[in-house]
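So the chains spell out like this:
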Amino acid sequence: MYRKHLQEIPSSSTNVSTSLEWDPGKTSELLSGMGVSALKKDRLGNENTPQDLLVSSPCLPPKRQKVKDNEKDFVIVRRPWLLREAESGISLDALPDELLLAIFAYLPLKDLLKVSMICKRWHRLSFDESLWQTLDLTGGNLLPGVLGQLLPAGVTVFRCPRSCIGDPLFKTSNFLKIQHLDLSNCTVSAADLHSILCLCEKLQNLSLEGLVLSDSIIKSIARNPSLIRLNLCGCSGFSAEALELMLSSCSMLEELNLSWCEFTATHVKAAVNHVTSKITQLNLSGYRENLQIADVKTLVERCPLLVHLDLSDSMMLKPECFQYFKQLVFLQHLCLSRCYQISPAALVELGEIRTLKTLQVFGIVTDSSLQLLEEALPDMKINGSHFTSIARPTVGNKKSHEIWGIKCRLTLRNPSFL
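Below: a short report on this structure.

## Things to note about the packing of aromatic side chains
Moving on, step 1. Taken as a whole and assessed by the stated rule, the structure comprises five aromatic pairs.
Moving on, step 2. Taking the centre distance of 5.5 Å and the plane angle of 75° together, the rings of Phe104 and Trp122 count as edge-to-face. Taken as a pair, Phe104 in helix α4 (residues 97-104) and Trp122 in helix α6 (residues 120-126) lie far apart in primary sequence, 18 residues in all.
Moving on, step 3. Judged by relative accessible area, which is 3%, Phe104 ranks as buried.

Written out as structure tokens, the structure is:
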């Protein structure tokens, strides 16, 4: 098996944005913004590995080769090579790029940032895109410029919920490589959020739960035709027209969470009239008087592949909408919690939906009526979960470093550090 030639290793011009060029001062600012204390500057001030990382024996004086008498004016000096004279170790500087990259791949985030301060070569390698595929900065306090330095390094999976995000200050207009992005419940301005999303065109999974958005942000989302899962639960600040454009453009959506947004009846109608027919999981809960039975009819006709449907907290729904649910031949999970115009006795009719496995009807049935309902619907699990997982990046253990089943390698182990 042939060892990969060094020329085949991607150079800094191919893997790293120009915003990541060697600049000790700026790199130090990046580390401070991440809560990482920088290493002391190398005394050598060059490309070499610091002396304390070298294992070597004392250098011998230069060897002189013998020359002929008629060549006495010429002396050939053989320069000592530190590694050639070493007996007990080897210099990390002598390792090829691919081996250093393999070593760097084992470093945690803060250590990787620290070694980027060693020298130009290590800086280039430490920001190689192969090391930055997955990044988790959950709960961090990210100062201005931090994301503008890190995201262009080739990040494809970025988990950053419940963080304070300063202006990214991107130094490039090149599109980012992010495919999976979770910024749920962050503290971030709409302008700064837009500066991130306007550089994304390859998103497959996106969660912006609880954020104030804008029409420009929604239009940026619309430029991601490969989007499969979208979580906008609890969002606000965008028009029904922008929502219509986004849903019409994102035709590959399979999971969509639009629950508890600040929607008017116009927003709701835009959603049910333009959501893609490929959708299999949909959450439209929380719309009280704005979701009508006619909207349910439209929704069922547009989305025959629905497997999981959540219409909880819709006050206008009545048992007559059950006829539309029966048309969904793939329906397995139905949520109608706190739809108070639906009586416990009427729920027995849902037993005619043979595919239905779970039914959430919190607030409608009491403990005593729940027991009767379970007896009437023995093949159905009733009120087994208070929360929906539709399009959400992380379900259950929030300490997990996974989003949509993808584990992040580079993580902030101690967010309070920032």
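Picking up where we left off.
## Here we look at the packing of helix α11 (residues 265-274) against helix α12 (residues 293-302)
Moving on, step 1. Two elements in contact, α11 and α12, have axes whose closest approach is 8 Å; the angle formed by their N-to-C orientations is 25°. By the angle class used here, α11 and α12 are roughly parallel. For the pair formed by α11 and α12, the contact residues are Val268, Lys269, Val272, Asn273 and His274 on the first element and Asp295, Thr298, Leu299 and Arg302 on the second.
Moving on, step 2. Tallied by class, residues from the contact of α11 with α12 come to three nonpolar, three polar and three charged.

## Digging into the environment of Lys269
Moving on, step 1. Tracing the sequence through the fold places Lys269 in helix α11.
Moving on, step 2. Relative accessible area serves as the criterion here: at 39%, Lys269 is assigned to the partly exposed category.
Moving on, step 3. Here Asp295 takes part through its side chain, which lies 3.1 Å from a polar atom of the side chain of Lys269.

## Observations regarding the sheet that holds strand β7 (residues 180-182)
Moving on, step 1. In space, the 12 strands of this open sheet follow the order β15-β14-β13-β12-β11-β10-β9-β8-β7-β5-β3-β18, with parallel pairing throughout. In this open sheet, the two strands that pair with only one neighbour each are β15 (381-382) and β18 (410-411).
Moving on, step 2. Alignment of β7 against strand β8 (residues 205-207), held across three bridges, turns out to be parallel. Residue Leu181 lies in a different strand from β8, and its bridge partner there is Leu206.

## Structural notes on unusual backbone geometry
Moving on, step 1. Residue Arg162 is not a glycine yet carries a positive backbone phi of 55°.
Moving on, step 2. By secondary structure assignment, the location of Arg162 is in the loop between β5 (157-159) and β6 (164-165).
Moving on, step 3. Among the residues examined, Arg162 registers a relative accessible area of 41% and is labelled partly exposed.
Moving on, step 4. One non-glycine residue with positive phi stands out, namely Arg288, at about 35°.
Moving on, step 5. Relative to the helices and strands, Arg288 resides in the loop between β11 (281-283) and α12.

The rules we used
Residues numbered from 1 in each chain as written. Predicted model: local features only at pLDDT ≥ 70, side-chain atom pairs only at ≥ 80, totals over all residues. Heavy atoms only, no water. Phe/Tyr/Trp six-rings, centres within 6.5 Å; stacked < 30°, edge-to-face > 60°. Helix = DSSP H or I, 4+ residues; strand = E, 2+ residues; numbered from the N terminus. Buried < 20%, exposed > 50% of the residue type's maximum accessible area, 1.4 Å probe, protein only. Axes fitted to C-alpha atoms, helices over the stretch in contact; angles between N-to-C directions. Parallel < 35°, antiparallel > 145°, perpendicular 65-115°, else oblique. Contact = heavy atoms within 4.5 Å. Nonpolar A, V, L, I, M, F, W, Y, C, P; charged D, E, K, R; others polar. Polar contact = N/O pair within 3.5 Å; in protein donor to acceptor, adjacent residues only side chain to side chain. Pairing = 2+ DSSP bridges.

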